[in-house]
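Listed below are the residues making up each chain.
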Amino acid sequence: MAIEQADWKDILEILRETCRIWSVGLPKDLFYDHVSRQMTHPWGLRNYRYMVYRKNRKIVSSLKLYQLHFSSRGKCYKFAGIGALYTQESCRGRGYASDLLMEIIRIAATKQSDGIILFSDIDPLFYKSFGFQELGGTDFSITLSKSDHLAKDTIAADTTVGDVSLEDIGEHHIPFL
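Since the structure is predicted, the reported quantities are computational estimates derived from the model, not experimental observations.

K.L.:
Sorry if this is basic, but what is going on with the overall build of the protein chain here?
P.N.:
If you tally the helices and strands in the protein chain, you get six helices and six strands. Each helix (α) and strand (β) of the protein chain, taken in turn from the N terminus, gives the series β-α-α-α-β-β-β-α-β-α-β-α. A buried classification covers 36% of the 177 residues belonging to the protein chain. Relative to all contacts within the protein chain whose residues are 6 or more apart in sequence, the contacts with residues 24 or more apart total 57%. Counting only carbon and sulfur atoms, one obtains 53% of the accessible surface of the protein chain, whose full area is about 11,200 Å².

Structural data, given as structure tokens:
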């Protein structure tokens, strides 16, 4: 299994096919620019990667992999974040997404992650077979706050519902607000 970090050329190949799904109506050039800004933002450079699964040197499946740090009640937790799992249309039905997801779960375990958070818009039934549990908006909430005493890449999590500052979310989300 050839799983590796994607370069920009790989990412453009993925975006060409996924633009109609995830661009939220943006024209292709603006969507590509949006993704580029996410990846070149200081947080993105440290914590955001596209991973690809290749078969015979061809990308067959891909996902976004995030390195996340949460703090709750004085304890820090290291999580892997997974999003945008996608199999190229010509390669579907062969188990490539399942293989990629299983390998990323294995990698997260070897890096001693405290857990994995999956961001998905598709039917959660697929992910339940891997042990993921669905968290709806009423089950899970997070308050973001900037705090000088936290590590650089840590999000302070509070289980109470509170106001969220849009500045804290990050400039790369502004085109979608």
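K.L.:
Explanation requested: the packing of helix H1 (residues 8–22) against helix H2 (residues 28–40) in the structure shown.
P.N.:
In helix packing, the relevant descriptors are the interaxial angle and the interaxial distance, both defined with respect to the helix axes. Where H1 meets H2, the closest approach of the two axes is 10 Å, and the angle between their N-to-C directions is 125°. The orientation of H1 relative to H2 falls into the category oblique. Considering only the axes of H1 and H2, their crossing is right-handed. Mapping the contact onto sequence places Trp8, Ile11, Leu12, Leu15, Arg16, Cys19 and Trp22 in H1 and Lys28, Phe31, Tyr32, Val35, Ser36 and Met39 in H2. A class-by-class count of the residues in the contact of H1 with H2 yields 10 nonpolar, one polar and two charged.

K.L.:
Explanation requested: the pairing of strand E5 (residues 115–119) in the structure shown.
P.N.:
Every other side chain in a regular strand lies on the same face of the sheet, so the side chains alternate between the two faces. Inspection of the sheet shows strand E4 (residues 75–87) paired to E5 by five bridges, in the parallel sense. Along E5, the bridge assignment pairs Phe79 with Gly115. Running through helix H4 (residues 96–110), the crossover from E4 to the neighbouring parallel element E5 is right-handed.

K.L.:
Help me understand the packing of aromatic side chains in this model?
P.N.:
The relative placement of two aromatic rings is captured by the distance of their centres and the angle of their planes. On inspection of all chains with the given rule, the structure shows 11 aromatic pairs. Taking the centre distance of 5.4 Å and the plane angle of 90° together, the rings of Phe70 and Phe79 count as edge-to-face. In this structure, Phe70 and Phe79 share a single accessibility class: buried. What links up through ring pairs into an aromatic cluster is the set Trp43, Tyr48, Tyr50, Tyr66 and Phe119.

K.L.:
So what exactly am I meant to see when it comes to the pairing of strand E3 (residues 58–72) here?
P.N.:
In terms of burial, E3 is largely enclosed, as 11 of its 15 residues are buried. Here eight bridges tie strand E2 (residues 48–55) to E3, and the two strands are oriented antiparallel to one another. Looking at E3, one finds that Lys55 is bridged to Lys58. Between E2 and E3, which follow one another and run antiparallel, lie two residues, and Asn56 among them has a positive phi close to 50°. Both E3 and E4 contribute to a ladder of 11 bridges, which runs antiparallel.

K.L.:
Please clarify how the confidence of the model for the protein chain should be interpreted in this entry.
P.N.:
Regions with low pLDDT carry predicted coordinates that are not meant to be interpreted in detail. Counting all residues, the mean pLDDT for the protein chain is 81, and 76% of those residues have values of 70 or more. Predicted confidence in the protein chain is weakest over helix H6 (residues 166–169), with a mean pLDDT of 40, and strongest over E2, with 96. Below pLDDT 50 for its whole length, residues 154–177 participates in 45 contacts with residues either more than four positions away or in separate chains.

Calculation notes
- Residues numbered from 1 in each chain as written.
- Predicted model: local features only at pLDDT ≥ 70, side-chain atom pairs only at ≥ 80, totals over all residues.
- Heavy atoms only, no water.
- Helix = DSSP H or I, 4+ residues; strand = E, 2+ residues; numbered from the N terminus.
- Buried < 20%, exposed > 50% of the residue type's maximum accessible area, 1.4 Å probe, protein only.
- Contact = heavy atoms within 4.5 Å.
- Areas by Shrake-Rupley, 256 points an atom, 1.4 Å probe, with all protein chains shown as cover.
- Axes fitted to C-alpha atoms, helices over the stretch in contact; angles between N-to-C directions.
- Parallel < 35°, antiparallel > 145°, perpendicular 65-115°, else oblique.
- Left-handed = near helix turned anticlockwise from the far one by under 90°.
- Nonpolar A, V, L, I, M, F, W, Y, C, P; charged D, E, K, R; others polar.
- Pairing = 2+ DSSP bridges.
- Right-handed = clockwise from strand over helix to strand, strands pointing away.
- Phe/Tyr/Trp six-rings, centres within 6.5 Å; stacked < 30°, edge-to-face > 60°.
- pLDDT = per-residue confidence, 0-100.

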